[in-house]
Amino acid sequence: MDFPNGTSDQELLSSSPGPGRPGCLPVRPFFSEDGGYPFSWLVKLESLSPLSGRDRRGKRRAGRAWYQRRRVKAVVAVIGMLACFFIVDWLMLLRLQDHNIEIEDFEVIGNSSSSSSNSSKVPPPIKGERRKLGKKIKPQKGVYGRMLALAAHALAEGHNKPEPKDLWQEPYDLASAWRPCSDHRDWRPSGGNNGYILVTANGGMNQQRVAVCNAVAVARLLNATLVIPRFLYSTVWRDSSDIYQEDYFINYLTPDIRIVKELPEELQSLDLEAIGSVVTDADIPKESKPSFYLKHILPILIPNRVVHFLGFGNRLAFDPIPFQLQRLRCRCNFHALHFIPKIQETAALLLQRMRRHVHPGPLDRHLVGPYAETILKDKGSRPMKNSRYLSLHLRFEIDMVAHSLCDFGGGEEERRELEAYREIHFPALVQLKETTRLPSPAALRAEGLCPLTPEEAVLMLAALGFRRKTHIFVAGANIYGGSSRLSALNSLYPNLVTKESLLSATELEPFRNFSSQLAALDFIVCAASDAFAMTDSGSQLSSLVSGYRIYFGGGKMPTIRPNKRRLAAIFVKNSTIEWRIFEQRVRKAVRQTKHVQTRPVARSVYRYPRCRQCMCNADPFANFKH
C-alpha cells in the first residue's frame, strides 16, 4: 500500500529508526481492525512526510474528519445491534406470555371437564369465553397492550410467590373495635296520626333502597303512617317488582313507625295531583334538611291527609339530623330490608358455588337468612378445601359510560353510539353540552372522573398481587362492549365468573327481565365475598356493599377502593413505565384508601356506618379520629 507523497510501506519501514532509538515507532500494527489508520499513526506519519506546514495541517484535518466518520459508523452499528437485541427480547416475552396462557387454559379446561358431574361446586368459565385447547391468545391490542403483556408475564412468574399480607385483610385491630348497634331503640313508637306518606321510588335496586330508608325517616319526622313503598318503572331500570319481604319490613319497624300496605278506602279515590299532594324531586332540593319537610311538606300532609313522593332520590340530608332519626335510617338499611325468598335461595346457591365448600360465610345469615343453613345441609357436596374469592363490581354499563362524557378508545363509532344514547336517556346532559363548555375527556380522566375500563381494572388487580388462579366474581349488568371487552380480564384470570355463568338457564329464567332482582343477586355475592373491589367509588351498589361489609364484617371484610385520580396519573405512563414501578405505585395508591375512618360530615351513613348513630366503639375518642 502507498502512503501520501508516493512513499511505500516497505520504504517507510526501512527508513524508520530502529527499536530503542529516539523517535522509534511503538510496536503495534499499522492498521486498525476495521482497515483504517489509528489517529496517532496519522500524526506520526505526518512527521515523516516531506510536506509543507500548510499541507501537513490540511492532511491532519482531513485525517481527523475521516476518523470521525468511521467512529460515527461504528456507533450506529452498535445502536443497531442493541435495537435488535431488545426486539428479540420483546418477542421472547410475548411468546412466554402465550405459552403460560396456554398452560393455564389447559388446566382450567381440564378441571372443568373432569368435574362436569359436580358443576355446582366448581365455577365454570364465562359462557362463550372458553378457548379451544392449544389455541393461542393474541396479545391485547390498544392502549394497554404493552401493560397487559407485562401483567401476564408477572402473573406467570408469581405463580408460587406468596400474596401480599394485607391483600385479604383489613386493619383488624381498628376495624374490629366497631360493632353494630343501630338496632338499639330509645324511643316510643310513632302513632302516624298526621296522615299517610306514599313513595314511588325511581332508579335501580340501590337507589330504591336509599329512598325507602329515607322515607322511613321522614315518616317518623312528620309523625305520618308510611304506605309500603313502590318502585317506578323506567326505560333504564325496567323492573317495578318487589324485592324485599314486606311483612318482615313492617314487623321490624313497628316499634318505630306505623306502616300499612295500602291507603284506606276513603283516601284511595282522591285525585292527589288535583289537591296538590303529589311532590316530585323538582319540588324538593337535593339532600334537604329536616326543617324543609316540617316547613313545606307538613302543611300539605295535615289538611290533605296524603302526600305522594314521586322519585324521592337523595332528598334527605345526612347532616344536620337528630341522633335517633339518623339511627333509624341505619336500622332500616342494615336490619329491616331482607330480600324475598326467591332471591335469597338463588343467592345461597351462588355463594356455595363460588366458595366451592360447604361452610357459610360470616355475613350469610344477614344476606340469605334461613337459606344459609342449606349450604351446610347439602348432602350432594363433598367437603373441599376452603376457597376464598374476590368480587369485582365492574361499573362499566352503557349508562355509566355515556353519562361520564369520557373517551374509551372506540373511535368515531363509539362517540356516535354514546351520543345517541345520551339523546334518549340524558337529554339534559345533551343540552348542557350544547350550551356549556365542558372539560375534555382527557381532563375528565386526569381528575379521576372516568370509570375504570375492564383493562384498567385487571391491571390494578394484577399489580396488587392477586394470583392468576384467584376466583373472581364480576358483578354488573351488560358490560359496554360485550364479552370482547372482558377478554383482558378473562385471559389473565381464567377463574372469572358472573351470575350468568354460575347459574343454569333454568335457574336464571325466573330472574330474566327483572333488573332489580338480578342486581340483588350481585349485591349479595359481593357483600359476602372475602375481598371486594370496586372500580367506581361513586357507584350506589359499591357504596352500599362496602357499608354493609363494614357494618357486619367485624374487621375481616376488606374493600378495595381505588383513587381514580391517582390511578389516572399512573395509567397515563402505560407506554413507558416498568412493571415493578407500576406495581409499587398502584399498591401505594390503594393502600392509602384502606385506613379505618369514621363517617365524614354530611356523608352517607349507608356507605360510612362507622359513626355513633350506627355503630359503637369501645374507644371513647373513636368518633373524633379520622
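To be clear, the structure that these remarks concern was listed above.
All values reported here derive from a predicted model rather than from experimental measurement. (Residues numbered from 1 in each chain as written. Predicted model: local features only at pLDDT ≥ 70, side-chain atom pairs only at ≥ 80, totals over all residues. Heavy atoms only, no water.)

(A) Examining the environment of phenylalanine 552 more closely. Mapped onto the secondary structure, phenylalanine 552 falls in helix H23 (residues 540-553). Filtering out sequence-adjacent residues up to four positions away, phenylalanine 552 remains in contact with Pro180, Phe334, His335, Leu363 and His366. (Helix = DSSP H or I, 4+ residues; strand = E, 2+ residues; numbered from the N terminus. Contact = heavy atoms within 4.5 Å.)

(B) Representation of the state of the cysteines in the model. For the coordinates displayed, the defined rule picks out three disulfides. The side chain of cysteine 330 participates in a disulfide bridge whose partner is cysteine 614; the two sulfur atoms lie 1.6 Å from each other. Of this pair, cysteine 330 sits in helix H10 (residues 323-336) while cysteine 614 sits in the loop between helix H25 (579-591) and strand S13 (615-617); the two residues are 284 residues apart in sequence, bridging distant segments of the chain. We note that cysteine 330, like cysteine 614, is buried. Two residues share a disulfide in this structure: cysteine 406 and cysteine 450, whose sulfurs sit 2.0 Å from each other. With the S-S bond torsion at -90°, the cross-link from cysteine 406 to cysteine 450 turns out left-handed. Taken together, the residues span a long stretch of sequence, with cysteine 406 in the loop between helix H14 (398-404) and helix H15 (411-425) and cysteine 450 in the loop between helix H17 (441-446) and helix H18 (454-464) at a distance of 44 residues. Note on cysteine 406: relative accessible area 5%, which makes it buried. Residue class for cysteine 450 comes out buried when judged on its relative accessible area of 5%. (Disulfide = S-S within 2.5 Å. Buried < 20%, exposed > 50% of the residue type's maximum accessible area, 1.4 Å probe, protein only.)

(C) Expanded view of empty space enclosed by the protein. Taken as a whole, this structure holds five cavities of 30 Å³ or more when the rule is applied. Space inside the largest cavity adds up to approximately 110 Å³. Taken together, Val212, Ile228, Pro229, Arg230, Phe231, Asp242, Ile243, Tyr244, Gln245, Glu246, Phe249 and Leu337 make up the full set of residues lining the largest cavity. Secondary structure elements with two or more residues in the lining of the largest cavity: strand S4 (230-231) and helix H7 (246-253). (1 Å grid on protein atoms, 1.4 Å probe; cavity = no way out; pocket = protein on both sides within 12 Å on 5 of 7 lines; lining within 4 Å. Points joined across faces, edges and corners; volume = space filled by probe spheres on them.)

(D) Representation of the sheet that holds strand S9 (residues 471-475) in the model. Pairing is parallel across the open sheet formed by five strands, whose spatial order is S10-S9-S8-S11-S12. The strands lining the two open edges of the sheet, one partner per strand, are strand S10 (496-497) and strand S12 (559-560). Relative to S12, strand S11 (residues 531-534) runs parallel, the two sharing two bridges. Within S12, the position partnered with phenylalanine 532 by the bridge is threonine 559. Of the strands in this sheet, strand S8 (389-393), S9, S11 and S12 touch H18, which is tilted by about 150° from S8. (Pairing = 2+ DSSP bridges. Axes fitted to C-alpha atoms, helices over the stretch in contact; angles between N-to-C directions.)

(E) Looking closely at the pattern of salt bridges. According to the stated counting rule, one finds 26 salt bridges in the structure shown. Among the salt bridges present, the one from arginine 587 reaches glutamate 583, with a minimum N-O distance of 3.7 Å. With arginine 587 and glutamate 583 both in helix H25 and four residues apart, the pair spans about one turn of that helix. Taking relative accessible area as the criterion, arginine 587 reaches 25% and is therefore assigned partly exposed. Judged by relative accessible area, which is 22%, glutamate 583 ranks as partly exposed. Each of Arg185, Asp256 and Arg331 takes part in one network of salt bridges that share partners. (Salt bridge = Lys/Arg side-chain N within 4 Å of Asp/Glu carboxyl O.)

(F) Structural context of the side chain of arginine 422. With respect to the secondary-structure elements, arginine 422 resides in helix H15. When near neighbours in sequence (up to four residues on either side) are disregarded, arginine 422 contacts Ala402, Leu405, Pro427, Leu429, Val430 and Lys433.

(G) Quick peek at the pairing of strand S2 (residues 196-201). In terms of burial, S2 is a largely internal element, six of the six residues being buried. Residue alternation in S2 divides its side chains into two sets, Tyr196, Leu198 and Thr200 and Ile197, Val199 and Ala201, and both sets are buried. With two bridges connecting them, S2 and strand S3 (residues 225-227) associate as parallel partners. Its bridge partner lying in S3, tyrosine 196 is registered against threonine 225. Note that the unit made of S2, helix H6 (residues 205-221) and S3 has a crossover that is right-handed. Alignment of S2 against strand S7 (residues 306-311), held across six bridges, turns out to be parallel. From the neighbouring strand, valine 199 faces S7, where its bridge partner is phenylalanine 309. (Right-handed = clockwise from strand over helix to strand, strands pointing away.)

(H) Structural detail: the pairing of S8. Counting buried positions along S8 yields five of five residues, so the element is predominantly enclosed. Here five bridges tie S8 to S9, and the two strands are oriented parallel to one another. From the neighbouring strand, tyrosine 389 faces S9, where its bridge partner is histidine 471. With four bridges connecting them, S8 and S11 associate as parallel partners. Bridge assignment links histidine 393 to a residue of S11, and that residue is methionine 534.

(I) Here's a closer look at the environment of tyrosine 172. With respect to the helices and strands, tyrosine 172 occurs in helix H5 (residues 172-175). Along the chain, tyrosine 172 and methionine 557 lie 385 residues apart, while their C-alpha atoms are 9.4 Å from each other. For tyrosine 172, the residues in contact, after removing those within four places along its chain, are Gly554, Gly555 and Lys556.

(J) Molecular detail of unusual backbone geometry. In this model, aspartate 319 is joined to proline 320 through a cis peptide bond whose omega is -10°. Inspection of the secondary structure assignment puts proline 320 in the loop between S7 and H10. Look at phenylalanine 312: it is not a glycine, yet its phi comes out positive at around 55°. Mapped onto the fold, phenylalanine 312 is located in the loop between S7 and H10. Positive phi values are uncommon outside glycine, yet leucine 405 reaches one of about 65°. For leucine 405, the position within the fold is in the loop between H14 and H15.

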